[in-house]
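The residues making up each chain are set out below.
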Amino acid sequence: MFDILNKDLYRKKIDLRSDTVTLPTDEMREAMRNAEVGDDVYQEDPTVIRLERLAAEKMGKEAALFVPSGTMGNLLAVLAHCQRGEEIILGAESHINYYEVGGISAVAGVIPNAIPGDSKKALTSQTIEKALREENIHYPETTLICLENTHNRAGGTICSPQVTKEIYQLAHRRNIHVHLDGARIFDAAVALNLESAMLTKDVDSVMFCLSKGLSAPVGSILAGSKRFIKKARKQRKMLGGGMRQAGILAAAGIIALEKMVERLEEDHKNARILGEGLADIGEIEVDLDTVQTNMVYFDLQKLSMNTYQFLPKLAEHNILGSPRPPTQVRLVTHYGISKEDVYDTIKAIKNIVKNL
Ligand SMILES: *Cc1c(COP(=O)(O)O)cnc(C)c1O
């Protein structure tokens, strides 16, 4: 993967690897410069406090905590909800299970009961009910279910409020908490034209990222009850995530929440154009049903080509994508990608296919 990051190619131009590559806006830079700050470990940073209140409100929760990354936010949720040796249920393709370095086991000491299968349909109240075992002296206690919305490895697909609610009701019948990895929850909210709180009312806790499509340089939010956040705040300190004059970063987060949410619609439109343009090529396989937000996954099988043969060719056109080996590529639209970039990308891929 990293050989396509060499300096010449990185000179630019169309970076579709992830929405994490978005740069802070001028307004964010200005807000960062002017941010009123204090020591946040003492809870004396007024800008962090302002961000946390705003974020809690957007999530419809009592309290929120500013954390350095989404990974830390999810890990804190598991630490705060679970004891060591307990079982958590999640999708095998979920970010927590797939991309978070095994932190839930290495640090939180929980055992994942990862539900495999088509990542679009892996987690429903039915599949979870099947995975839940009755009380038995041999089994670990199941204390947490982790959902993901939008679902990254399922193409940025949306988990509906109805499915979330059914899972929540099942969980509560069994005395289990529900945590939502909502790294891109605002993409789901904008795509469904719903308030974000409508997607988080049926979970006990939620993490979302400021640093992805919302374009802030650093940080994520964990939200939940006051009691939960109090615990998570202490555990954030334990993990080394207690930050001092973090208002510099929180200031950008406030702009992200106030100014950068509605424009996500533009990313979704661009992803749609991109998905349809690639599907038109024929030899490129795109499941357009999964193009619901800002991601396009496509498959190279019909070209008899694999991911690592394709990406360098794309990079020759100064276009970067993210590998999903063996034969898939992920492209993500974001604030740094214009409609023209999307048309250029379609043209470049047509060219690659034509010249094979
Ligand atoms: C990016 C992401 C995270 C983790 O966020 P980082 O800030 O990169 O640690 C968690 N979950 C999902 C679904 C993500 O896409």
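Thresholds, definitions, all that
Residues numbered from 1 in each chain as written. Predicted model: local features only at pLDDT ≥ 70, side-chain atom pairs only at ≥ 80, totals over all residues. Heavy atoms only, no water. Helix = DSSP H or I, 4+ residues; strand = E, 2+ residues; numbered from the N terminus. Rg over C-alpha atoms; globule rule 2.2 N^0.38 Å. Buried < 20%, exposed > 50% of the residue type's maximum accessible area, 1.4 Å probe, protein only. Contact = heavy atoms within 4.5 Å. Areas by Shrake-Rupley, 256 points an atom, 1.4 Å probe, with all protein chains shown as cover. Expected span 1.5 Å × (residues − 1). Polar contact = N/O pair within 3.5 Å; in protein donor to acceptor, adjacent residues only side chain to side chain.

When helices and strands are counted, the chain shows 15 helices and 13 strands. A compact globule built from 356 residues would reach a C-alpha radius of gyration of about 21 Å, and the chain, at 21 Å, matches this within 12%. Taken along the three principal axes of its C-alpha coordinates, the chain extends 60 × 55 × 35 Å. Burial analysis of the chain (356 residues in total) assigns 56% to the buried set. Considering only contacts within the chain whose residues lie at least 6 apart along the sequence, 73% involve residues at least 24 apart. Accessible surface for the chain amounts to roughly 16,400 Å². Of this, 49% is attributable to carbon and sulfur atoms.

The end-to-end C-alpha distance of helix α3 (residues 46-59) is 20 Å, a good match for the 20 Å that 14 residues give at a rise of 1.5 Å each. Where α3 is concerned, the buried positions are Thr47, Val48, Leu51, Glu52, Leu54, Ala55, Ala56 and Met59. N-cap assignment for α3: the residue whose side-chain oxygen lies 2.9 Å from the backbone N of threonine 47 is aspartate 45. Glycine 60 lies just past α3 and shows a positive phi near 65°.

Another point: unusual backbone geometry. Geometrically, the link from asparagine 149 to threonine 150 is a cis peptide bond, its omega value of 0° lying close to zero. Locating threonine 150 in the fold gives a position in the loop between β5 (142-148) and α8 (161-173). Following proline 325, the chain continues into proline 326 via a peptide bond in cis, with omega recorded as 10°. For proline 326, the location among the structural elements is in the loop between β12 (322-324) and β13 (328-332). Unlike most non-glycine residues, glutamine 43 shows phi in positive territory, near 55°. Within the secondary structure, glutamine 43 is located in the loop between α2 (26-34) and α3. Taking the relative accessible area as the measure of exposure, glutamine 43 reaches 43% and is therefore partly exposed. One non-glycine residue, asparagine 193, adopts positive backbone phi at about 55°.

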